[in-house]
Amino acid sequence: MDEWRETRWTLREFALGLPEAYEDHPWGDTVVKVNKKIFAFLGPEEPAGDRRPAVWLKLPESHGHALSVAGAEPSRYGLGRAYWVTIPLDGGTPPETEVLLDWVEESYRAVAPRRLVTALDALGGS
């Protein structure tokens, strides 16, 4: 398995383990939502054309750190203004998986209702 595929799978499984998170497939992409709001864009199953393996996350606290990753950029469609960062999973030096998992949780916390963040804290989330 390509390293980026393994990382993507790990991020997906972690995200789906967060309280009331679920997978959806708008636009042919894989996203993970909570309360009908996307907190992780995982893109298409297979890269095609100019679409490289990447994850898009809302990072109000860590956006500066995330943007320092080689190839990372503010997310398109105006999402970058709202702290969304696109982080490539292939090529260059992607962040360690543990850092990406922390960022998935941060993104979840940024969009989840307070009651679910409280539930996550009760489960021992960071």
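Residues numbered from 1 in each chain as written. Predicted model: local features only at pLDDT ≥ 70, side-chain atom pairs only at ≥ 80, totals over all residues. Heavy atoms only, no water.

## Brief notes about unusual backbone geometry
- Positive phi outside glycine occurs at Glu20, with the angle close to 60°.
- For Glu20, the location among the structural elements is in the loop between helix H1 (3–16) and strand E1 (22–24).
- The backbone of Tyr83 sits at a positive phi, close to 75°, despite the residue not being glycine. (Helix = DSSP H or I, 4+ residues; strand = E, 2+ residues; numbered from the N terminus.)

## Side note on the packing of aromatic side chains
- Enumeration over the complete set of coordinates arrives at five aromatic pairs.
- Geometrically, the ring pair formed by Trp27 and Phe41 is stacked, given 6.3 Å between the ring centres and 20° between the ring planes. Linking Trp27 in the loop between E1 and strand E2 (30–34) with Phe41 in strand E3 (residues 37–43), this pair joins segments that are 14 residues apart in sequence.
- Here Phe41 falls in the buried class, since its relative accessible area comes to 12%.
- With 5.5 Å between their ring centres and 75° between their planes, Phe41 and Trp84 make a pair best called edge-to-face. Separated by 43 residues along the polypeptide, Phe41 in strand E3 and Trp84 in strand E6 (residues 84–88) bring together distant segments of the chain. (Phe/Tyr/Trp six-rings, centres within 6.5 Å; stacked < 30°, edge-to-face > 60°. Buried < 20%, exposed > 50% of the residue type's maximum accessible area, 1.4 Å probe, protein only.)

Function cannot be inferred from these measures alone, as they are strictly geometric.
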